[in-house]
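Take a look at the letters that make up each chain.
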Amino acid sequence: MANVETTSDAGIILDRRQLILGASAVGLASTFGAAPAMAQSAPKKGGTLRMGMEGGSPSDSLDPLTYADSIPITMSLMLWNNLVEVADNGDATGELFESWEVKPGAAEWVFNVRKGITFTSGKTLDADDVIYSINMHRGETKSPAKALLADIKEVKKLSATQVQITMNKGNVDLPFNLSDYHIIVVPNGFKDFSKPDGTGAFTLDEFQPGVRATFKRKPGNYWKPNRGNFDRVELIYIGDANQRTTALQTGTVDIINRVSPKTAALLAKNPAVKVSRTPGMGNRFCFVAHTDKSPFNNRDVMLALKFGIDRQKIVDNVYSGYASIGNDNCVGPKMKFYDPKQPMNRFDIDKAKFHMKKSGHTGAIELQVSEGAFSGATDAGQIFQESLSKAGINLDLKRVSGDGYWDNVWLKQPFCAVYWGNRPTIDNQLTSTFYGGKGNPWNDSHFENADFSKTLEAARVEIDQKKRQEMYSRCQELVSQNAGMVNYAVQDYLDAHSTKLQGLTPSGRYDMGDDRIPEKGWFA
């Protein structure tokens, strides 16, 4: 697999990898470990990593059922581990599940629990802990991972170090679903997430939601070789992109996420800073509507909105070209089974006029936006408002507070700004966002379509890659044309860090080294 990085004249590290996402249906096995993509110094212990991050709020919690943004995910992965890790090349690799095997049909799986791992409390990890942790996201739960595990029929203990998972319907991507960041492993019966008891490299020192959090490295050697190197980690909430950049340039922090596209090239000219860019793998920026509420239950209203947004202008002006045009299904252009031939909902004033007139709707449409949702949401909303006005459509742009946005606006207001992170597979992306109707707590457009569900389920067990592509192409089209999602852009990941920080490689899933830079990094 090609895995080569080069540095551009502007000083931006460009990721040239071709991610191969997917898994064999028979005899699948994995062991932990992924080598860095760049030649770097050998990992060293010591020092305090200071992180300045966007992606959190004063309502943040360490309860995995509540994780919705980068800061709680990053904190979680310092304290706990997942069952499966997504490697830098996009493959599913073993974490607390060391390896696995699957029978033809992808409905019967056996997972081997890693031996000799202990929680902070001293308890040894075993199958009971794994089963309890998986079941937190099954049945009567508000977990966002519920839809990913909905087809699991039974999770059974075979021994202290072996777990059998039987599916109602096979899914060759089950290991990727088990890598979901909500599915951390806790001791059997554990409930008090304010007092973390995990297998991660760090322990919690202090947590002030919306302000900061600090962590200390556990004594002894972390179970992952060459990881868990920092003595301390300080994570500071910095929601403003300019303030994050200033904090990095002045040495207040060592690394920041979500670099402003407007300043990325200039920042990269700083000899003490590196900017890491991963094209087509970043957040999916959207305006999402509840399609079971008027006027968004009128398909022509939604089509008018989809054709009435000037996506290219947003990409050029809000993201300075560090993004790709989205097509209303959250499937990014670098994802395996992405269909470049699918019908595109491009800006078309005449089509927007036609569908709005056909809908019969004449009133203003309210869209709620906030920089608390993501940087650039307000500017994108203004361009949306301007482009719709050219089609005679009145968009009432309502700016709301960023405080508590994810608790008070998203999933509650009928039309608002939202972003979705990159997922490791197309099945994971579509399942998390659109599958399961109202039974899926994070189906934020309330999308439900029998053809989509049937086709997605069939694709999960299809071995023939050509047929699988056809099925996933159909799914993309159904969502794009029918869901209440206006996914106008897929941003490039843009991180920046001090040159003394080592170990940051572009991830096959999220930014900041899959939100694992505290675990993966070290100082030169």
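Look up: the structure comes first, before these words.
Everything in this summary refers to the structure shown in the same document. Keep in mind that what you see is a predicted model, and the values were worked out from it rather than measured. (Residues numbered from 1 in each chain as written. Predicted model: local features only at pLDDT ≥ 70, side-chain atom pairs only at ≥ 80, totals over all residues. Heavy atoms only, no water.)

## Some words on the overall build of the protein
The helix and strand inventory of the protein stands at 15 helices and 23 strands. Relative to the compact-globule value of 24 Å for 524 residues, the protein shows a C-alpha radius of gyration of 22 Å, a close match. Once the C-alpha set of the protein is aligned to its principal axes, its extents read approximately 65 × 55 × 45 Å. Residue burial in the protein is summarised as follows: out of 524 residues, 59% are buried. Nonlocal contacts in the protein, meaning residues at least 24 apart in sequence, comprise 72% of its contacts between residues at least 6 apart. Carbon and sulfur atoms make up 48% of the accessible area of the protein, which amounts to about 19300 Å² in all. Where the 61 positive side-chain charges of the protein centre and where its 60 negative ones centre are 1 Å apart. (Helix = DSSP H or I, 4+ residues; strand = E, 2+ residues; numbered from the N terminus. Rg over C-alpha atoms; globule rule 2.2 N^0.38 Å. Buried < 20%, exposed > 50% of the residue type's maximum accessible area, 1.4 Å probe, protein only. Contact = heavy atoms within 4.5 Å. Areas by Shrake-Rupley, 256 points an atom, 1.4 Å probe, with all protein chains shown as cover. Lys, Arg positive; Asp, Glu negative; His and termini not counted. Charge placed at Lys NZ, Arg CZ, Asp CG, Glu CD.)

## Some remarks on the nonpolar core
Counting 105 residues, the largest nonpolar core has Phe287, Phe415, Leu430, Phe452 and Tyr488 as its most contacted members. Not counting chain neighbours up to four residues away, the residues in contact with Tyr488 comprise Phe285, Cys286, Phe287, Ile309, Arg311, Ile314, Tyr319, Ser324, Ile325, Gly326, Phe374 and Ala380. Of all hydrophobic cores here, the second largest spans 32 residues; its members include Ala106, Ala127, Val130 and Met167. (Core = buried A, V, L, I, M, F, W, Y, C linked by side-chain atoms within 4.5 Å.)

## Considerations on the pattern of salt bridges
Scanning the entire structure with this criterion turns up 35 salt bridges. Between Lys169 and Glu457 there is a salt bridge, and its shortest N-O distance comes to 3.0 Å. Here Lys169, found in the loop between strand S9 (162–167) and helix H3 (174–177), pairs with Glu457, found in helix H12 (residues 450–459); they are 288 residues apart in sequence, far enough to count as distant. The exposure class assigned to Lys169 is partly exposed, which follows from its relative accessible area of 35%. Between Glu386 and Lys313 there is a salt bridge, with its nearest N and O atoms 3.8 Å apart. Of this pair, Glu386 sits in helix H9 (residues 377–389) while Lys313 sits in helix H7 (residues 311–317), placing them 73 residues apart in sequence. Where salt bridges share partners, they join Glu85, Glu95, Lys224, Arg227, Arg509, Asp514, Arg516 and Glu519 into one cluster. (Salt bridge = Lys/Arg side-chain N within 4 Å of Asp/Glu carboxyl O.)

## Topic: the packing of aromatic side chains
Inspection of every chain in the model, using the stated rule, returns 24 aromatic pairs. Arranged with centres 5.3 Å apart and planes meeting at 85°, the rings of Tyr405 and Trp406 form a pair that is edge-to-face. Here Trp406 falls in the buried class, since its relative accessible area comes to 14%. For the pair Trp406 and Tyr419, a centre-to-centre distance of 5.8 Å together with 85° between the ring planes defines the contact as edge-to-face. Highlighted residues: Trp406 in helix H10 (residues 405–408) and Tyr419 in strand S19 (residues 415–420), separated in sequence by 13 residues. (Phe/Tyr/Trp six-rings, centres within 6.5 Å; stacked < 30°, edge-to-face > 60°.)

## Considering the environment of Phe119
Structurally, Phe119 can be placed in the loop between strand S7 (108–113) and helix H2 (127–135). Residue classification places Phe119 among the buried positions, given a relative accessible area of 2%. With 52 residues separating them along the chain, Phe119 and Tyr67 place their C-alpha atoms 21 Å apart. The residues touching Phe119, leaving out its near neighbours within four places in the chain, are Leu125, Asp129, Val185, Val186, Pro187, Asp197, Gly198, Thr199 and Lys218.

## Some remarks on the packing of H12 against helix H13 (residues 465–482)
Taken N-terminus to C-terminus, the directions of H12 and H13 make an angle of 155°; their axes are 9 Å apart at the nearest point. Here H12 is positioned roughly antiparallel relative to H13, judged by the angle of their axes. In the packing of H12 onto H13, the handedness of the crossing is left-handed. Taking contact as the criterion, the partners of Asp451, Phe452, Thr455, Leu456, Ala458 and Ala459 in H12 are, on H13, Arg468, Met471, Tyr472, Arg474, Cys475, Leu478 and Val479. Class assignment for the residues of the contact of H12 with H13 results in nine nonpolar, one polar and three charged. (Axes fitted to C-alpha atoms, helices over the stretch in contact; angles between N-to-C directions. Parallel < 35°, antiparallel > 145°, perpendicular 65-115°, else oblique. Left-handed = near helix turned anticlockwise from the far one by under 90°. Nonpolar A, V, L, I, M, F, W, Y, C, P; charged D, E, K, R; others polar.)

## Digging into the sheet that holds S9
Taken in spatial order, the four strands line up as S6-S7-S9-S8 in an open sheet, and their pairing is antiparallel. Looking along the sheet, the strands with just one partner apiece sit at the ends: strand S6 (97–102) and strand S8 (152–159). If you compare each strand with its neighbour and ignore which way they point, the axes differ by 20° on average. With six bridges connecting them, S8 and S9 associate as antiparallel partners. Counted as the bridge partner of Ile152 is Met167 from S9. Relative to the sheet, H2 contacts S6, S7, S8 and S9, its axis offset from that of S8 by approximately 170°. (Pairing = 2+ DSSP bridges.)

## Brief notes about the pairing of strand S10 (residues 202–208)
Strand direction decides the pairing type here: S10 and strand S11 (residues 212–217), joined by six bridges, are antiparallel. In the sheet register, Leu204 faces S11, and the bridge partner there is Phe215. Where S10 folds back onto S11 in an antiparallel hairpin, the turn is made up of three residues, including Gly210, whose phi is positive at roughly 85°.

## A look at H9
In an α-helix, one turn spans 3.6 residues, which is why side chains three or four residues apart end up on the same side. The end-to-end C-alpha distance of H9, which contains 13 residues, comes to 18 Å, matching closely the 18 Å that a straight helix rising 1.5 Å per residue would cover. If you check which residues of H9 are buried, you get Ala377, Thr378, Ala380, Gly381, Ile383, Phe384, Ser387 and Leu388. (Expected span 1.5 Å × (residues − 1).)

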